[in-house]
Amino acid sequence: MTDLGDDVRDANVGLARLDRLIVDAKNSLLVVAHGFLLAACVLRTAACLSAAPRVRCGVMCAGGAETPLPNVRVRAPRKIRGTGARGAAPPAGRGVDRSGRSQGKSEQERELQRLYITGGEYRGRRIATPDIFLRPMMSRVREALFSILVPTGVIRSSAAALDLFSGAGTIGLECVSRGMGHATLVDFSPVCTRTIRENCEKLGATGSTRVIEGSVFDVLRAPERFGLNTPFELVTVTPPYEEVVYSELVEALASSPLVGEDTLIVIEYPVELGCFPPVLCDGKLVGLRNRKYGRTVLALYVSRPSGRIDYPPFSEEFVSLKTGKSRKISKNSR
């Protein structure tokens, strides 16, 4: 009986050792599997980072190789609304001023569009347009823009907006209508600035707006000449596509005294320019959103982020525009 008991104990000890060996083997396999998963994640992240271009003061870096951004004006022809063809003349009988403007001047004329404020205090109020060729942001795209801006908290009474290449003043007046305390609207054309002032008076917004007639680059580089001394919370940039060099414009924005810590910058650009990168100018501008609406792209950046803005970036939107698809915009907007 004693020998039988010893055999049973030895068998139990052997089974216990076997169980420990099995557990150790399982743990080792789990460690190896986790190692493979970690390595795969690292490789995938490295591939994504190498695929996403970065810009440093006008230089785009992709896959470790630096390629200069286009240092020329982009070709982005658009159809003239109501004519059915690019560059066609507008219907006869419309008195369109051919003197044009230095920013946005074009030989391609079109019928004047009807523009409306899409939200806020002045919702539904009509905005006059100057009698020269303009390419104003569509009302549906404006609604999409403010649906992006509202969650950031920048649309508040204590914040001020700077509307560059203002045209008819639509974006700046939208900001005031939706609750921002003040808007400064800048355009080079006397025809445009005169129309902007008329729109401000018609809406009763003269007390919360200021109109500056001058070059956008001069305003950004020497704002004190125009009586501007403090950074803005929001800067919107809607330039005429074929009249600016975007690399120069981005550099002027990043180095301007009007762009401070946590300033939000909206840049409108055409799909013909490709996809903007997630980081600009040595990290001074960090991309939050980059969304395509038809052939228009809106990129939202934050300047020198401090972390106070609780709005996580979608860096994957800066990798590809997916030109075959556009974001749907509500048909209920005006």
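Overview of the structure. All values reported here derive from a predicted model rather than from experimental measurement. (Residues numbered from 1 in each chain as written. Predicted model: local features only at pLDDT ≥ 70, side-chain atom pairs only at ≥ 80, totals over all residues. Heavy atoms only, no water.)

So, the packing of aromatic side chains
Scanning the model with the defined rule gives three aromatic pairs in all. Seen in terms of ring centroids, Tyr246 and Phe276 are 6.1 Å apart; in terms of plane orientation they differ by 85°. Their pairing is edge-to-face. Of the two residues, Tyr246 is situated in helix H6 (residues 246-254) and Phe276 in the loop between strand E10 (259-270) and strand E11 (279-280); the sequence distance between them amounts to 30 residues. With respect to class, Tyr246 is no different from Phe276; both count as buried. Three or more aromatic residues joined by ring pairs make a cluster, and in this case those are Tyr246, Tyr269 and Phe276. The residue whose ring lies beneath Arg289 is Tyr311, and the NZ or CZ to ring-centre distance is 4.2 Å. (Phe/Tyr/Trp six-rings, centres within 6.5 Å; stacked < 30°, edge-to-face > 60°. Helix = DSSP H or I, 4+ residues; strand = E, 2+ residues; numbered from the N terminus. Buried < 20%, exposed > 50% of the residue type's maximum accessible area, 1.4 Å probe, protein only. Lys NZ or Arg CZ within 6 Å of the ring centre and 35° of its normal.)

Looking at the pairing of strand E6 (residues 160-164)
Of all five residues making up E6, five are buried, and the element is well covered by its neighbours. The alternating pattern of E6 places Ala160, Leu162 and Leu164 and Ala161 and Asp163 on opposite faces, both of which are buried. In the sheet, E6 pairs with strand E7 (residues 182-187) via five bridges, with the strands oriented parallel. For Ala160, the partnering residue across the bridge sits in E7 and is His182. In this fold, the crossover linking E6 to E7 by way of helix H3 (residues 170-177) has right-handed handedness. The pairing of E6 with strand E9 (residues 232-237) spans four bridges and is classified as parallel. The residue of E9 that forms the bridge with Ala161 is Leu234. (Pairing = 2+ DSSP bridges. Right-handed = clockwise from strand over helix to strand, strands pointing away.)

So, the pattern of salt bridges
By the definition in use, this model includes six salt bridges. Two residues, Glu174 and Arg142, come together in a salt bridge whose shortest N-O distance is 2.7 Å. Taken together, the positions of Glu174 in helix H3 and Arg142 in helix H2 (residues 139-149) put the pair 32 residues apart, joining distant regions of the chain. Across the pair, Arg142 and Glu174 agree in class, each one buried. Between Arg291 and Glu317 there is a salt bridge, with the nearest N and O atoms lying 3.1 Å from each other. Within this pair, whereas Arg291 is found in strand E12 (residues 285-293), its partner Glu317 is found in the segment after strand E13 (296-303), the two being separated by 26 residues in sequence. The pair formed by Arg291 and Glu317 is uniform in burial state, with each residue classed as buried. In the salt-bridge network here, residues are joined through shared partners; they are Arg142, Glu174 and Arg178. (Salt bridge = Lys/Arg side-chain N within 4 Å of Asp/Glu carboxyl O.)

These figures come from the coordinates and say nothing about function on their own.
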